[in-house]
Structure formats: structure tokens, C-alpha cells
Amino acid sequence: MKKSSFVAMILGTVSGVLFALGMCMALLPEWNAFVEGIAFGVAGIVLGLITVFVWRKMENKGRLKLNKKTVLTVALGVLGSIVLGVGMCFCLVWENIVAGTLIGLVGIVELLSIIPVVKGIK
């Protein structure tokens, strides 16, 4: 494993855990930690963005090119994550298992659709 991949893996894992913990803190009323959860979530997002820049620097890659494909990929990822999260909320918070499962599956399919957008179909 290359050093850059290892660093990206560690930073990405830490940022993901911070973001997930922050969202749990913010969205579970039993925890009574909404403000702290938002802070943890934002810290996770910022560390995730830093991870991208650190990895690109270690791989000697240029700046990100902002084109239609990049914007579409990011939009699909954000939308798919939101839809998957809404499905989880339906299941876990509102106890509507059938609707939550169906909505969650739509979110998973949206996230899986990123692969052909990035890699293409041959």
C-alpha cells in the first residue's frame, strides 16, 4: 500500500467517524447534544475536504477541474446520501420500516449510479 493511500484511508476514516458521530449527536434527542453534534459533523466534513487535498498533494496531482462530470458526481453523491439518510430516519426515528426501506434502497441505487458516471460503461 502506498503511503498516500494509507494516509487518505486513516484521514477518511476519522472524518467519517466524526461526521457520523456528529449526526447521531444532533439527531438523537435522547443524547441532548444538538449543538455539539453539529460541531462534530462540521469537523468531519472539513477533515474530509482536507483529506482530498492532502491525498492529491501526496499523489502529485493537479488542482481539481470543475466540469460538468465533477459537478454531476458530487450532486449524485450528496443526493444519494440524503435520500439514504431519510430512509434511515423513516426506519429508526419514525418507525415506518416499509417506507424507510424503500426510500433507503432508492438512495443506495443513486449512490451505486456514481460508479458508471465516474468509470464509464465499456
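In what follows, the accompanying structure is described. Along each chain, residue indices are assigned from 1 in the same order as the chain's sequence is written. Totals for whole chains, interfaces and linings use all residues, but because this is a predicted model, local features are given only for residues with pLDDT of at least 70 and pairs of side-chain atoms are given and counted only at 80 or more. Calculated side-chain values reflect all of the structure's heavy atoms, with hydrogen atoms and water omitted.

A few points about the overall build of the protein chain
Alright, step 1. In terms of helices and strands, the protein chain carries 5 helices and 0 strands.
Alright, step 2. Runs of H or I in DSSP of at least four residues are treated as helices and runs of E of at least two as strands, each being numbered from the N terminus. Counting helices and strands in the order they occur from the N terminus, the protein chain gives α-α-α-α-α.
Alright, step 3. Along the first, second and third principal axes, the C-alpha set of the protein chain runs to 45 × 35 × 25 Å.
Alright, step 4. Across the 122 residues that make up the protein chain, the buried fraction comes to 20%.
Alright, step 5. Any two residues whose heavy atoms approach within 4.5 Å are treated as being in contact. Partitioning the contacts of the protein chain with sequence separation of at least 6, the portion at a separation of at least 24 is 50%. Summary of the burial criterion: residues with accessible area below 20% of their type's maximum are buried, those above 50% are exposed, and those between are partly exposed, where the area comes from a 1.4 Å probe applied to protein chains only.

Observations regarding helix α3 (residues 68-92)
Alright, step 1. One less than the residue count of a helix, multiplied by 1.5 Å, gives the span that helix is expected to have. Between the first and last C-alpha of α3 there are 36 Å, a value that for 25 residues agrees with the 36 Å anticipated at 1.5 Å per step.
Alright, step 2. Residues of α3 that are buried make contact with α4 (97-112) and α5 (114-119).

A closer look at unusual backbone geometry
Alright, step 1. The backbone of Asn-60 shows a phi angle near 55 degrees, a positive value even though the residue is not glycine.
Alright, step 2. When you line up the elements, Asn-60 lands in the loop between α2 (34-58) and α3.
Alright, step 3. On the accessibility criterion, Asn-60 (72% relative accessible area) is exposed.
Alright, step 4. The residue Glu-95 is not glycine, and still its phi comes out positive at about 55 degrees.
Alright, step 5. Examined against the element boundaries, Glu-95 turns out to sit in the loop between α3 and α4.
Alright, step 6. Judged by its relative accessible area of 67%, Glu-95 falls in the exposed class.

Points about the side chain of Ser-4
Alright, step 1. Checked against the element boundaries, Ser-4 lands in helix α1 (residues 3-27).
Alright, step 2. When sequence neighbours within four positions are dropped, the list of residues in contact with Ser-4 reads Trp-55, Met-58 and Glu-59.

Some thoughts on α1
Alright, step 1. Between its terminal C-alpha atoms α1 stretches 36 Å, which fits the 36 Å expected from 25 residues at 1.5 Å a residue.
Alright, step 2. Listed in full, the buried residues belonging to α1 are Ser-4, Ala-8, Ser-15, Gly-22, Met-25 and Ala-26.
Alright, step 3. Close packing links the buried residues of α1 with α2.

Re the environment of Lys-3
Alright, step 1. Within the secondary structure, Lys-3 is located in helix α1.
Alright, step 2. Lys-3 gets classed as exposed once you look at its relative accessible area, which sits at 65%.
Alright, step 3. The sequence separation of Lys-3 and Trp-55 amounts to 52 residues, and the corresponding C-alpha distance is 9.6 Å.

Describing the environment of Gly-22
Alright, step 1. Looking at the secondary structure, you find Gly-22 in helix α1.
Alright, step 2. Assessed through its relative accessible area of 0%, Gly-22 is described here as buried.
Alright, step 3. Once the C-alpha coordinates of Gly-22 and Gly-41 are considered, the two residues, 19 residues apart in sequence, prove to be 4.4 Å apart.

Observations concerning the packing of α3 against α4
Alright, step 1. Here an angle of 0 to 180 degrees is reported between the N-to-C directions of two axes, which are lines fitted to C-alpha atoms, with helices fitted over the stretch in contact. Close contact between α3 and α4 brings their axes to 7 Å; oriented N to C, the two are set at 165 degrees. On the basis of the axis angle, α3 is roughly antiparallel to α4. Crossing geometry of α3 relative to α4 is assigned as left-handed. Here Leu-76, Gly-77, Leu-79, Gly-80, Ser-81, Val-83, Leu-84, Val-86, Gly-87, Phe-90 and Cys-91 of α3 lie close against α4, whose contacting residues are Ile-97, Ala-99, Gly-100, Thr-101, Ile-103, Gly-104, Val-106, Gly-107, Ile-108, Glu-110 and Leu-111. Angular relationships are summarised with four words: roughly parallel below 35 degrees, roughly antiparallel beyond 145, roughly perpendicular across 65 to 115, and oblique for the angles in between. Each helix crossing is assigned a hand: it is left-handed if the near helix lies turned anticlockwise from the far helix by less than a right angle, otherwise right-handed if that turn is clockwise.

Some details on the packing of aromatic side chains
Two measures describe an aromatic ring pair: the distance that separates the ring centres and the angle between the ring planes.
Alright, step 1. Note on ring pairs: Phe, Tyr and Trp rings are taken, using the six-membered ring of Trp, and paired if centres are within 6.5 Å. Classes follow the plane angle, with under 30 degrees stacked, over 60 edge-to-face and the rest tilted. Under the definition given, this model contains 1 aromatic pair.
Alright, step 2. Ring centres of Phe-90 and Trp-94 lie 5.2 Å apart, and the angle between their planes is 85 degrees; this geometry places the pair in the edge-to-face category.
Alright, step 3. For Trp-94, a relative accessible area of 55% corresponds to the exposed category.

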